[in-house]
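So the chains spell out like this:
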Amino acid sequence: MNQKRDTTINSFRRTSMVTVIAVYFLILVGGIVRSTGSGMGCPDWPKCFGSVVPPTSVDQLPKNYQEIYLEKRLAKNERFVATLEKMGFEKTANEIANDKSILVEEEFNATKTWIEYINRLVGVAIGLLILLTVWKSFKLAKFDKSIPVLSIASLIVVLFTGWIGSLVVSTNLLPWMITFHMVLALLLVGLLLYVNHRSVKLLSSGETSEVIPFKVQGILFLGFVLMFVQVILGTQVREQIDQISFSLGNLLREEWIGRVGMDFLIHRSFSLVLLVLHVLYFFWAFRFSDRRSKVNLWSQVLLLLILLEITTGVGMAYFGIPAFLQPIHLLLGSLILGIQFGLILQLRDRVQFKINSN
């Protein structure tokens, strides 16, 4: 009986972790979409130029395709604006209704179209993985009722994220919509990591030889909050860079950073604060955790990723924001948040064990 139970739990645990990896892959692909300017490669959603498989040549499209898809996007935006007004967000609705950039319809580019199409295919794969995760979570309800509830919550987040993704397209990549879309992806990662953690706890005895002071978890939690703020600051810097790039016709890349101003300086300085904070956390974690424990291992990975994140940031600042570094920088920031959250969950268990044992 225990063997069957463990097999069921392990199956769920593997599926949920594969889904987490897939979401991170989607974040990487999304970064590639943005760095290559492929966000409007498909002007409609969920299809691409009205087809399940997108065209490979402009000859496959009607001559007035730009007008056709602009009209469709504007009709969708009108419904979105009306919804925002009903919800009481009149200011935001007015900004969208009067944003002239939404009226710009890009010309067909096969490369950009297929980059965006691959992004959508990955999104579909994640949706299927989430459905599989939910289905497998029902079998764990008798062991932990919160697992299926949280799994269903992750499915709701995926559906909502997909809807927001359609609005990102219809509003012609409004910067704050892209940021919100990114935050939802991070929320999905957090939900999946949490249900995975709860399933792992079902396989453990709940005891550990590690006794870690609460201050270690406190330092890490502070780092997690500040890292989330740093990611938001980074998206704001990216939004400004997109505007500068557009105004310069995507030329003079070496001048982009210099035109950003104070937001970039804050973002850059904030990275040093995070580094110092995590070096302090690593010192305490190394002191109190078992050298071969998961806490110690993932703490080393965390510090390494923070160093790599800073390195890619320096590379973008001093080498004209190379396009290949942008998605890597975004992925590293997202991975850091995920590892921080996972470590917080592990440390919480060890802190609780110390309290309970006393």
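In this report, we go over the structure that sits alongside the text. What you see is a predicted model; the values in this text were computed from it and never measured. Per chain, the residues get numbers from 1 upward, laid out in the order the sequence is written. It should be noted that, the model being predicted, local features are given only for residues of pLDDT at least 70 and side-chain atom pairs only at 80 or more, the latter also being counted only at that level, while totals for whole chains, interfaces and linings use all residues. Only hydrogens and water are set aside; all other atoms, that is, all heavy atoms of the structure, feed into the side-chain values.

## With respect to the overall build of the chain
What counts, and what does not: The helix count covers DSSP runs of H or I at least four residues long, the strand count covers runs of E at least two residues long, and both are numbered beginning at the N terminus. Our radius of gyration is a C-alpha quantity, and the globule rule it is checked against amounts to 2.2 Å times the number of residues to the power 0.38. Relative accessibility decides the category of a residue: with a 1.4 Å probe and only protein chains considered, values under 20% of the type maximum give buried, values over 50% give exposed, and everything between is partly exposed.
Along the chain, the regular secondary structure elements total eleven helices and zero strands. Going from the N terminus to the C terminus, the chain shows its helices and strands as α-α-α-α-α-α-α-α-α-α-α. Relative to its length of 358 residues, the chain is compact, with a C-alpha radius of gyration of 23 Å against a globular reference of 21 Å. Its C-alpha atoms give the chain principal-axis dimensions of about 75 × 50 × 40 Å. Taken over 358 residues, the chain has a buried fraction of 47%.

## Examining the packing of helix α1 (residues 2-35) against helix α6 (residues 175-203)
Note the threshold: Axis lines are fitted to C-alpha atoms, over the contacting stretch for helices. Their N-to-C directions set the angle, which ranges from 0 to 180 degrees. Convention used here: angles under 35 degrees read as roughly parallel, angles over 145 as roughly antiparallel, angles from 65 to 115 as roughly perpendicular, and any remaining angle as oblique. Crossings are sorted by hand: turned counterclockwise from the far helix by less than a right angle, the near helix makes the crossing left-handed, and turned clockwise it makes it right-handed.
Two elements in contact, α1 and α6, have axes whose closest approach is 9 Å; the angle formed by their N-to-C orientations is 160 degrees. Judged by the inter-axis angle, α1 sits roughly antiparallel to α6. Both α1 and α6 take part in a crossing whose hand is left-handed.

## Here we look at the environment of V18
Within the fold, V18 resides in helix α1. On the basis of relative accessibility, which here comes to 42%, the residue V18 falls in the partly exposed class. Between the C-alpha atoms of V18 and I130, which are 112 residues apart in sequence, the distance is 9.9 Å.

## A look at the packing of aromatic side chains
Stated formally: By convention, a stacked pair of Phe, Tyr or Trp rings (six-membered ring in the case of Trp) has centres within 6.5 Å and planes under 30 degrees apart, an edge-to-face pair has planes over 60 apart, and any other such pair is tilted.
Enumeration over the complete set of coordinates arrives at nine aromatic pairs. For the pair F160 and W163, a centre-to-centre distance of 5.8 Å together with 35 degrees between the ring planes defines the contact as tilted. Taken as a pair, F160 and W163 lie in helix α5 (residues 146-170) at a separation of three residues, close to a single helical turn. We classify F160 as partly exposed; its relative accessible area is 34%. Relative to W284, the ring of F283 lies with its centre 5.6 Å away and its plane at 75 degrees, an arrangement referred to as edge-to-face. For W284, a relative accessible area of 16% gives the class buried.

## Description of the side chain of H197
Applied cut-off: The criterion used for residue contact is that any of the two residues' heavy atoms lie within 4.5 Å.
Looking at where H197 falls in the secondary structure, it is placed in helix α6. Beyond its immediate stretch of four places on either side in the chain, H197 contacts L345, Q346 and D349.

## Let's talk about the packing of α6 against helix α7 (residues 214-247)
Applicable threshold: Polar here means any residue outside two lists: the nonpolar Ala, Val, Leu, Ile, Met, Phe, Trp, Tyr, Cys and Pro, and the charged Asp, Glu, Lys and Arg; Gly therefore counts as polar.
Following both chains from N to C, one finds α6 and α7 inclined at 150 degrees, their axes separated by 10 Å at the closest point. When the axes of α6 and α7 are compared, the pair comes out roughly antiparallel. Between α6 and α7 lies a crossing whose hand is right-handed. Of α7, the residues touching α6 (which contributes P175, W176, T179, V183 and L186) are F228, V231, I232, T235, E239 and Q243. When grouped by side-chain class, the residues that make up the contact of α6 with α7 number seven nonpolar, three polar and one charged.

## Thoughts on unusual backbone geometry
With omega at 5 degrees, the peptide bond leading from W45 into P46 counts as cis. One can find P46 in the loop between α1 and α2 (65-86). At F49, a position not held by glycine, the phi torsion is positive, near 55 degrees. In this structure, I321 takes a positive phi of about 50 degrees despite not being glycine. Counting through the fold element by element, I321 comes out in the loop between α10 (294-318) and α11 (325-357). The buried category is assigned to I321, whose relative accessible area is 2%.

## Let's talk about a nonpolar patch on the surface
What counts, and what does not: Patch members must show over 30% relative accessible area and no salt bridge, and they are joined within 9 Å when carrying like charges or within 5 Å when they are nonpolar side chains of Val, Leu, Ile, Met, Phe, Trp or Tyr. Using a 1.4 Å probe, accessible areas were evaluated by the Shrake-Rupley method; residue-level cover was limited to the displayed protein chains. By convention in these notes, a salt bridge is any Lys or Arg side-chain nitrogen within 4 Å of a carboxyl oxygen on Asp or Glu.
Side chains of L132, W135, F138, I152 and I156 sit close together on the surface and give an oily, nonpolar patch of about 490 Å² of accessible area. At the level of secondary structure, the elements contributing two or more residues to the nonpolar patch comprise α4 (110-137) and α5. Assignment of secondary structure puts F138 in the loop between α4 and α5. According to the relative accessible area criterion, F138 is partly exposed, its value standing at 47%.

## A closer look at the environment of V157
Among the secondary structure elements, V157 is positioned in helix α5. Taking the relative accessible area as the measure of exposure, V157 reaches 11% and is therefore buried. Residues contacting V157, with those up to four places away along its chain left out, are L184, L187, L188 and L191.

## What to know about the environment of I219
Relative to the elements of secondary structure, I219 occurs in helix α7. Accessibility expressed as a relative area gives 15% for I219, which makes it buried. A C-alpha to C-alpha distance of 16 Å links I219 and G338, two positions 119 residues apart in sequence.

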